[in-house]
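Residues per chain are reported as follows:
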Amino acid sequence: MIDIIRSEWTKLRSVRSTMWTLGTAALLMLAIGALMSIAVKNSHEGPVPPSGVAEVSLMGVNFAALAVAALGALVVTSEYRTGAIRVSYMAVPRRLLLLAGKLVVFAAVALAVCMAAAFAAFLVGRTILGGASLGDPGVLRAVTGTGLYLTACGLFGLALGALVRHTPGAVVAAIGLILVLPQLTVMLPGQWGRTVNDWFTSNAGRQVAFPSEASSLGPWSGFAVYLGWIAVTLAAACVLTARRDA
Amino acid sequence: MTAIRATNLTKRYGRTVAVADLSFDVEPGRVTGFLGPNGAGKSTTMRMILGLDRPTGGSVLVDGVPYRDLRHPLRKVGALLDAKAVHGGRSARDHLLAIAQSNAIPAGRVMEVLETVGLREVARKRIGGFSLGMSQRLGIAAALLGDPEIVIFDEPVNGLDPDGILWIRTFMRDLAAEGRAVFVSSHLMSEMAQTADHLVVIGKGRLIADTSVAEFIGRSSQAYVRVRSPRLAEVAELVKVGRLHPDHLRVTAMTPLEIGALTARAGLPLEELTLVQPSLEAAYMELTKDSLEYSS
Ligand SMILES: Nc1ncnc2c1ncn2[C@@H]1O[C@H](COP(=O)(O)OP(=O)(O)OP(=O)(O)O)[C@@H](O)[C@H]1O
Ligand SMILES: [Mg+2]
């Protein structure tokens, strides 16, 4: 397994566009946080509470989530597009081990970058808005939660990529499941509709960073539900990957 | 030990039968040419050997085991299927390094194989900018990384210039001379005639022939004598067993000496008396003419 991880790390680091995309996602996150912080500072009367500072400075999370998800998908789909996946499967015929290797390497890199971006965005926001520190209630969880949530979005993208094996298809699926559908489920009627909304992908996943009082899920239970979505997608991808012709 | 053994190998894609009940062996120490017209099922067969496509029926073993059961497959089998199926953004060195690492092959092999195929100077260049010939060489370098006993090449000479073709041909002969099993596909008989020791010929997914190259030529087509004369009709009457064509006579049942003696006695002048050995290409065309996927 360590051989496969080493190999996947070489693949990831040696394609410049991967690193660029990841870096851009991080910068975007910082830039949006900074802009929002400036906007809030100019329009807000009096000091912003610490949890507010965290929320405003991390507002780039939705854009970053899509960038990271797209990159996760590309880790798998770019090999299918070029046909390089056959070379990979020739080297590692146990396909699920290969997928696991890709997942581990991407998760580690995404976690490092996303965590760093979340902390940096918060520090920038705090510099602009003032009056908040990581020690304030809920702030540290919001920042680390953002890093975790973004990483999870990347894994969701990777799982979708392994499932559909096709870049546009995987990216559209990721946008739909992470950004569009979670906003539409709000309109579902009744108690049942509310539960679906609370449990729906990123609605649940974002709880870890920005817990909503209205949700029936807490920060960690919400994040666990999101990981559940990813696990199910990944399981489906594993079944198909093992069965399909390459 | 038999390097590759296919037994009743069958592959269907929906209603297309790509490979049908195909059985053959590939032995070490020789170049086995895998021949067939376009769409005959060569690439499909190779993908099944390499565990990429799952057979609909039958089986194929590499050194006695299914490919998917090999622990570090690249140390046993090296293959080049499609030279352009690589990520163009990587350098040649990183591309090979990633492949080597996956099979615990020492990183030092990367520069060795690049040297072997003559790409050492461009090791750090992006492979997206490589010409087809360079890509083929890179693909061969990848196949050689694990110093494999079995090598599989799918149409390696496609798109190469004469120098490149000669290089690959010599290279494959050398690999076989070192005792490796070389399994190489082509749709050109003339190419295989100069490279292969043994032939596996398929058409429409079915086995047509599994023979040595010499045997193949002998069996599948006959030599004949071509006779031209200003008085061809009289010659034809005299020889009896010939087949008359507009400008010449074809005789299979007699030697040139016999024909010459006969016509000399009758005083008939001859313009030409040639023993025609049919080319390998002709023999191959003859053999596969019933199984052409797309005839022109
Ligand atoms: N993935 C696939 N899905 C559907 N049909 C396929 C697939 N792969 C191959 N085929 C079909 O199977 C048959 C054999 O194709 P294959 O590529 O193996 O032939 P080939 O001998 O390699 O031909 P060529 O000389 O053109 O490379 C063809 O009719 C082809 O259309
Ligand atoms: Mg082919």
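For clarity, every value in this text was computed on a predicted model and none was experimentally measured.

### Quick notes on the site of ligand 1
Residues and elements named next belong to chain B. Around ligand 1, the structure places 14 residues, and the nearest of them are Gly39, Gly41, Lys42, Ser43 and Thr44. One nitrogen or oxygen atom from the main chain of Ala40 is found 3.1 Å from an oxygen atom belonging to ligand 1. Protein contact buries 66% of the 630 Å² of open area that ligand 1 shows by itself. Among the elements of the structure, strand 2 (16–26) and helix 1 (42–49) are those that each provide at least two residues to the shell around ligand 1.

### So, the packing of helix 1 (residues 2–14) of chain A against helix 6 (residues 95–129) of chain A
Residues and elements named next belong to chain A. Their axes nearest at 9 Å, the elements helix 1 and helix 6 cross at an angle of 55°. By the criterion of interaxial angle, the relationship of helix 1 to helix 6 is oblique. When you trace helix 1 past helix 6, the crossing you get is right-handed. Contact residues: helix 1 offers Ile4, Ile5, Glu8, Trp9, Lys11 and Leu12, while helix 6 offers Leu97, Leu98, Gly101, Lys102, Val104, Val105, Phe106 and Val109. Residue classes in the contact of helix 1 with helix 6 are distributed as 10 nonpolar, one polar and three charged.

### Concerning the UniProt feature "transmembrane region" (unreviewed entry) in chain A
Residues and elements named next belong to chain A. Within the UniProt annotation, "transmembrane region" (unreviewed entry) is assigned to residues 20–40, 52–76, 96–122, 142–164, 171–192 and 223–242. The distance separating the terminal C-alpha atoms of residues 20–40 is 30 Å; by composition the span is 100% helix and 0% strand. Here residues 223–242 runs as 100% helix and 0% strand, with 28 Å between its end C-alpha atoms.

### With respect to the pairing of strand 10 (residues 224–228) of chain B
Residues and elements named next belong to chain B. Here strand 10 runs beside strand 13 (residues 272–276); their pairing, made up of five bridges, is antiparallel. Along strand 13, the bridge assignment pairs Arg228 with Glu272. Relative to strand 12 (residues 249–251), strand 10 runs antiparallel, the two being bridged by three bridges. The residue bridging Arg226 from the neighbouring strand is Arg250, located in strand 12.

### Considerations on the pattern of salt bridges
Should their charged atoms come close, side chains of opposite charge can pair. Taken as a whole and judged by the stated rule, the model has 22 salt bridges over all chains. Between Lys76 of chain B and Asp63 of chain B there is a salt bridge; the shortest N-O distance is 2.7 Å. Here Asp63 of chain B lies in the loop between strand 4 (57–62) and strand 5 (77–80) and Lys76 of chain B lies in the loop between strand 4 and strand 5, a separation of 13 residues in the sequence. Among the salt bridges present, the one from Glu178 of chain B reaches Arg180 of chain B, with a minimum N-O distance of 2.7 Å. Residue classification places Arg180 of chain B among the buried positions, given a relative accessible area of 16%. Among the charged side chains, a salt-bridge network with shared partners connects Glu8, Lys11, Glu79 and Lys102 of chain A.

### Here's the deal with a nonpolar patch on the surface
A cluster of nonpolar residues, Ile175, Val180, Leu181, Leu184, Val186 and Met187 of chain A, forms a patch on the protein surface that exposes about 530 Å² of accessible area. Structurally, Leu181 of chain A can be placed in helix 8 (residues 167–184).

### What to know about the state of the cysteines
Residue and element names in this part refer to chain A. Within this structure, the stated rule accounts for zero disulfides over all chains. Free of any disulfide, Cys114 has its nearest neighbouring cysteine sulfur in Cys153, separated by 8.6 Å. The class for Cys114 is buried, based on a relative accessible area of 3%.

### Remarks on the environment of Gly23 of chain A
Tracing the chain through its elements places Gly23 of chain A in helix 2 (residues 16–43). When the C-alpha atoms of Gly23 of chain A and Trp192 of chain A are compared, they prove to be 40 Å apart, with 169 residues separating the residues in sequence.

### Examining the sheet that holds strand 7 (residues 181–186) of chain B
All names here are of chain B. The sheet built from six strands is open, its strands ordered 5-6-7-3-8-9 with mixed pairing. The sheet is open, and its two borders are formed by strand 5 and strand 9 (206–212), each paired with just one other strand. Going across the sheet, the axis of each strand differs from the next one's by a mean of 15°, ignoring polarity. Bridge analysis of strand 3 (residues 31–35) against strand 8 (residues 198–203) gives four bridges, and the strand direction is parallel. Bridging from a neighbouring strand, Leu35 pairs with Val201 of strand 8. Set on the sheet, helix 1 makes contact with strand 3, strand 6 (150–154), strand 7 and strand 8; between it and strand 7 the angle comes to about 150°.

### Some thoughts on the interface of chain A and chain B
Contacts between chain A and chain B engage 27 residues on the former and 32 residues on the latter. Surface buried jointly by chain A and chain B totals about 2,400 Å² across both partners, of which 54% is contributed by carbon and sulfur atoms. It is Met90, Pro93 and Asp245 of chain A that lose the most area in chain A upon contact with chain B, and together they represent 24% of the buried surface on that side. Counting across the interface, chain A meets chain B through two salt bridges. Ionic pairing is found between Asp94 of chain B and Arg13 of chain A, a salt bridge with its closest N-O pair at 3.8 Å. Where chain A packs against chain B, one counts 12 residue pairs in polar contact (both at pLDDT 80 or more). Elements that contribute at least two residues to the side of chain A that touches chain B include exactly helix 1, helix 4 (61–82), helix 5 (84–91) and helix 11 (219–243) of chain A. For the side of chain A that touches chain B, the element with the highest residue contribution is helix 1 of chain A, accounting for seven residues.

### Things to note about the sheet that holds strand 4 of chain B
Strand pairing in a sheet is mediated by backbone hydrogen bonds. Such pairs are either parallel or antiparallel. All names here are of chain B. Taken in spatial order, the three strands of this open sheet run 2-1-4, and their pairing is antiparallel. Each end of this open sheet is capped by a strand with a single partner; those strands are strand 2 and strand 4. If you compare each strand with its neighbour and ignore which way they point, the axes differ by 20° on average. Pairing geometry for strand 1 (residues 4–13) and strand 2, over seven bridges, is antiparallel.

Parameters at a glance
- Residues numbered from 1 in each chain as written.
- Chains lettered and ligands numbered in written order.
- Predicted model: local features only at pLDDT ≥ 70, side-chain atom pairs only at ≥ 80, totals over all residues.
- Heavy atoms only, no water.
- Near = heavy atom within 4 Å.
- Polar contact = N/O pair within 3.5 Å; in protein donor to acceptor, adjacent residues only side chain to side chain.
- Areas by Shrake-Rupley, 256 points an atom, 1.4 Å probe, with all protein chains shown as cover.
- Helix = DSSP H or I, 4+ residues; strand = E, 2+ residues; numbered from the N terminus.
- Axes fitted to C-alpha atoms, helices over the stretch in contact; angles between N-to-C directions.
- Parallel < 35°, antiparallel > 145°, perpendicular 65-115°, else oblique.
- Left-handed = near helix turned anticlockwise from the far one by under 90°.
- Contact = heavy atoms within 4.5 Å.
- Nonpolar A, V, L, I, M, F, W, Y, C, P; charged D, E, K, R; others polar.
- UniProt positions renumbered as here; feature names shortened; annotations may be inferred.
- Pairing = 2+ DSSP bridges.
- Salt bridge = Lys/Arg side-chain N within 4 Å of Asp/Glu carboxyl O.
- Buried < 20%, exposed > 50% of the residue type's maximum accessible area, 1.4 Å probe, protein only.
- Patch = residues over 30% accessible without salt bridge, like charges linked within 9 Å, V, L, I, M, F, W, Y side chains within 5 Å.
- Disulfide = S-S within 2.5 Å.
- Buried area = accessible area lost by both parts, 1.4 Å probe.

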